[in-house]
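Reading the structure
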Amino acid sequence: MNRAEILRYLRTSSKTEDERLLSLIDECCEEVNACVKPKTLHRIFDCEVTADSLIIGDIVFKSKRLADTIKGCWRVCIFGATLGTECDRLLRTYSATDITRSIVLQACLASKIEEVCDHLEDVLIADGMNLRQRYSPGYFDLDIEENRKIFEMLELTKRIGLTLTDTCQMVPTKSVTAIIGIEND
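Presented here is an overview of the structure given in this document. (Residues numbered from 1 in each chain as written. Predicted model: local features only at pLDDT ≥ 70, side-chain atom pairs only at ≥ 80, totals over all residues. Heavy atoms only, no water.)

Here we look at the overall build of the protein chain
The criterion, for reference: The numbering of helices and of strands both runs from the N terminus, where a helix is a DSSP run of H or I of at least 4 residues and a strand a run of E of at least 2. To sort residues, take the accessible area from a 1.4 Å probe on protein chains only and compare it with the maximum for the residue type: under 20% means buried, over 50% means exposed, and anything in between is partly exposed. In this analysis, two residues are considered to be in contact whenever any of their non-hydrogen atoms come within 4.5 Å of each other. Note that His is not counted, nor are the chain ends; the positive residues are Lys and Arg, and the negative ones are Asp and Glu. Here the site of a charge means atom NZ of a Lys, CZ of an Arg, CG of an Asp or CD of a Glu.
Along the backbone of the protein chain there are 7 helices and 8 strands. Viewed in the frame of its principal axes, the protein chain has a C-alpha envelope of about 50 × 35 × 30 Å. Across the 185 residues in the protein chain, those meeting the buried criterion constitute 45%. Residue pairs in contact within the protein chain that sit at least 24 positions apart in sequence constitute 68% of those at least 6 positions apart. The centroid of the 24 positive side-chain charges in the protein chain is displaced by 1 Å from the centroid of its 31 negative side-chain charges.

Rendered as structure tokens:
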């Protein structure tokens, strides 16, 4: 995991020399790497992009900013990624017993899920795809409710154990769904 990114999540200078903090980050990173079990699932879909939406078959994602981000693409990758349930257990445990460790662990887990998403993008790039910026439900004008469509399209609960609450929050909490435009060849 990227220590500078973890420090950014902690809103601390990446040039910090606080040995206690750096040691705690290292301990939490080791714990995260020992217990999380990342899973991802992605599919490539043909799509149509209008001025304010992404259309995949009969499914419409309404978002002007998403449409602007993937304008000109005729394919998208839609994916789900999770670190698994163990991270939620760790967070619950440390939230009750060691709040400082809990905060650092939260930052380490955020860095780890980003690492998992970045790795998936690296795999797609290695397969010869030119990618646009990933875009997730809940970001700007893409309503978090759009997660329901992604869950249905990818069968995320059945395939990787990712579930959605009534308010469209994901469980495990350290999980991501996203849409990535694939530039035309």
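Now that the structure has been shown, we can carry on.
As for the packing of helix H2 (residues 19-35) against helix H5 (residues 99-126)
To keep it simple, the criterion reads: Only C-alpha atoms enter the line fits that serve as axes; for helices the fit covers just the stretch in contact. Angles between N-to-C directions range over 0 to 180 degrees. For classification purposes, angles smaller than 35 degrees are called roughly parallel, those larger than 145 roughly antiparallel, those between 65 and 115 roughly perpendicular, and all remaining angles oblique. For any pair of crossing helices, the crossing counts as left-handed if the nearer helix is rotated counterclockwise from the farther one by less than a right angle, and right-handed if it is rotated clockwise. All amino acids are sorted into three groups, where Ala, Val, Leu, Ile, Met, Phe, Trp, Tyr, Cys and Pro are nonpolar, Asp, Glu, Lys and Arg are charged, and the leftover types, Gly among them, are polar.
Packing of H2 against H5 brings their axes to within 9 Å, and their N-to-C directions diverge by 60 degrees. With respect to H5, the axis of H2 lies oblique. Along this stretch, H2 crosses H5, giving a crossing that reads as right-handed. Residue-level inspection shows Leu21, Leu24, Ile25, Glu27, Cys28, Cys29, Glu31, Val32 and Asn33 of H2 in contact with H5, the latter providing Thr100, Arg101, Val104, Leu105, Cys108, Leu109 and Lys112. Residue composition of the contact of H2 with H5, grouped by class: 10 nonpolar, 2 polar and 4 charged.

A word on the pattern of salt bridges
Where we set the bar: Salt bridges, as used here, are contacts in which a Lys or Arg side-chain nitrogen is within 4 Å of a carboxyl oxygen on Asp or Glu.
Following the criterion strictly, the structure yields 14 salt bridges and no others. One salt bridge in this structure joins Arg3 and Asp26, with 2.8 Å as the shortest N-O distance. Of this pair, Arg3 sits in helix H1 (residues 3-9) while Asp26 sits in helix H2; the two residues are 23 residues apart in sequence, bridging distant segments of the chain. You can call Arg3 partly exposed: its relative accessible area is 34%. According to the relative accessible area criterion, Asp26 is partly exposed, its value standing at 33%. One salt bridge connects Glu31 with Arg101, and the closest N-O pair in it is separated by 3.5 Å. Taken together, the residues span a long stretch of sequence, with Glu31 in helix H2 and Arg101 in helix H5 at a distance of 70 residues.

Considering the side chain of Arg101
A relative accessible area of 14% means that Arg101 is categorised as buried. Apart from the residues lying within four places of it in its own chain, the contact partners of Arg101 are Leu24, Glu27, Cys28, Glu31 and Tyr94.

Here we look at the sheet that holds strand E8 (residues 175-182)
Under the convention used in this document: At least two DSSP bridges between two strands are needed for those strands to be called paired.
Strand order in the open sheet formed by 3 strands is E1-E5-E8, and the pairing between neighbours is antiparallel. Two strands lie at the open edges of the sheet, namely strand E1 (39-46) and E8, each paired on one side alone. Recorded for the sheet is a direction-independent mean angle of 15 degrees between the axes of neighbouring strands. One ladder, built from 8 bridges, connects strand E5 (residues 75-82) with E8; its direction is antiparallel. Of the residues in E8, the one forming a bridge with Cys77 is Ile180. Across the sheet, H5 is in contact with E1, E5 and E8; its angle to E5 comes to roughly 145 degrees. Each of E1, E5 and E8 is contacted by helix H6 (residues 147-154), which is oriented at about 90 degrees to E5, the strand it contacts most.

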